[in-house]
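A structural walkthrough
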2 protein chains.
Amino acid sequence: MDRIAAFNECLRHKGLKNTSQRMIILETFLGSKSHYSTEDLYLKLRKDHPKIGYATIHRTLKLFAECGIAIELNFGDGQTRFEPLRANHHHDHLVCTSCGKVIEFTEPQIEDLQAQVAAAHGFVIKRHRHELYGLCSNCAANS
Amino acid sequence: MDRIAAFNECLRHKGLKNTSQRMIILETFLGSKSHYSTEDLYLKLRKDHPKIGYATIHRTLKLFAECGIAIELNFGDGQTRFEPLRANHHHDHLVCTSCGKVIEFTEPQIEDLQAQVAAAHGFVIKRHRHELYGLCSNCAANS
DNA sequence: TACCTTTCTGAAAGTCATTTTCATTTTCCT
DNA sequence: AGGAAAATGAAAATGACTTTCAGAAAGGTA
Ligand SMILES: [Mn+2]
Ligand SMILES: [Mn+2]
Ligand SMILES: [Zn+2]
Ligand SMILES: [Zn+2]
């Protein structure tokens, strides 16, 4: 089941309706680079769909997160970002504080170790956030 | 050099002035448990120092962070928290999403692995955030 | 298809943590 | 002590996000 079908399934399950706005937002969201803030997506959509309001876009992004289509990210700049979720593809982030570049990484050994840490405290992990902030190779070279 | 001296040093270095408010805020901040939001500290200080304004407290906490006396934390609840920084005592956090409990952990192997990840991307880490969200042992038992 | 109930939408208003403004006070260098 | 520079506190402003609400649209039913 692709993500569009999964979203429709989630709408049906929640008793919500499918609308042209939701489909447009979903297709745009899935069809481009990750890590969108509401503002980012609003500005992008405005070109072809100027009638879609900011509130609808934000409500829809939150709905994607509820439906497991997206995850919310927060890189500490005061804006929530949303990223399409790929099945079985968890990753964490390197964030360049100079140019804003985001690099994704996966490190199973870290995942294992953090599970051990949680277990040692009797803690049940629901989700985690592991972000490394600093300078990407380009920015490090030019500084 | 203790943290009060370090803060005075930082003020001097930045050409800023030492004030009674800053000293009161610093002593209160250092002298109690961690993870204060501005609101938390404002409410605590109000008992003995009702004349100190919210804005001053918030400005001072930000200044502590600039001076390396504190670090900013964000556990995704919409409030920035500040924690006194102990020299050579980095740690990360387990955050209970049910009761708000915060457990600190240190795992040198994770620190090593994340350094390797960054190095592999030519990325220079300045700081990082590693937070595990879920249920503490108490909340897990009662759910 | 026509109807009807529920949900959705978009603009505007509201919320809330944080930041800024500004008149006054305080610090601290000379 | 004198005075320039910075700090303070109350209030206003900001900005991301959320809610409100009246009209529009979806989609189940007959
Ligand atoms: Mn990502
Ligand atoms: Mn801590
Ligand atoms: Zn960069
Ligand atoms: Zn708990």
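Below: a short report on this structure. Per chain, residue numbering runs from 1 following the sequence as it is written. To label them, take the chains in the order written and letter them from A, then take the ligands in the order written and number them from 1. Residues qualify for local features only when their pLDDT is at least 70, as the model is predicted, and side-chain atom pairs are given and counted only at 80 or more; totals for whole chains, interfaces and linings, by contrast, use all residues. The basis for every side-chain value is the complete set of non-hydrogen atoms in the structure, without hydrogens or water.

**Details of the pairing of strand β3 (residues 80–84) of chain B**
All names here are of chain B. Note the following rule: Classification of residues uses two cut-offs on accessible area relative to the type maximum, computed with a 1.4 Å probe and protein chains only: under 20% is buried, over 50% is exposed, and between them is partly exposed. Secondary structure elements are taken from DSSP: a helix is a run of H or I of four residues or more, a strand is a run of E of two residues or more, and numbering for both begins at the N terminus. By this definition, two strands are paired if DSSP reports at least two bridges between them.
The buried fraction of β3 amounts to 4 of the 5 residues, a majority that puts the element mostly inside the structure. As paired strands, strand β1 (residues 36–37) and β3 are joined by 2 bridges and run antiparallel to one another. Counterpart to Ser37 in the pairing with β3 is Arg81. Taken together, the 5 bridges between strand β2 (residues 70–74) and β3 define a ladder with antiparallel strand orientation. Pairing of Ala70 across the sheet is with Pro84, part of β3. What sits between the antiparallel neighbours β2 and β3 is a turn of 5 residues, in which Gly76 has the positive phi angle 80 degrees.

**Thoughts on the protein's contact with DNA strand D**
Counted only if it meets this: Near is defined per residue: the residue qualifies when any heavy atom it owns lies within 4 Å of the molecule or strand. N or O atoms within 3.5 Å of each other form a polar contact, as long as, within protein, one can give a hydrogen and the other can take it, and as long as residues adjacent in sequence are counted only when both atoms are side-chain atoms. Amino acids are sorted into nonpolar (Ala, Val, Leu, Ile, Met, Phe, Trp, Tyr, Cys and Pro), charged (Asp, Glu, Lys and Arg) and polar (every other residue, Gly among them).
Around DNA strand D sit 21 residues in total, of which A:His58, B:Lys17, B:Thr19, B:Arg22 and B:Arg59 are the nearest. Those atoms of DNA strand D that come within 4 Å of the protein belong to sugar or phosphate at a rate of 76%. The contact in question runs from a base nitrogen of DNA strand D to an N or O atom on the side chain of A:Lys17, over 3.0 Å. Between A:His58 and DNA strand D, the recorded distance is 3.1 Å, taken from a side-chain N or O atom to a phosphate oxygen. At the level of secondary structure, the elements contributing two or more residues to the surface near DNA strand D comprise α4 (54–66) of chain A together with α2 (20–30) and α4 (54–66) of chain B. In terms of residues, the surface near DNA strand D owes the most to one element, α4(A), which gives 4 residues. Partitioning the surface near DNA strand D into residue classes produces 4 nonpolar, 10 polar and 7 charged.

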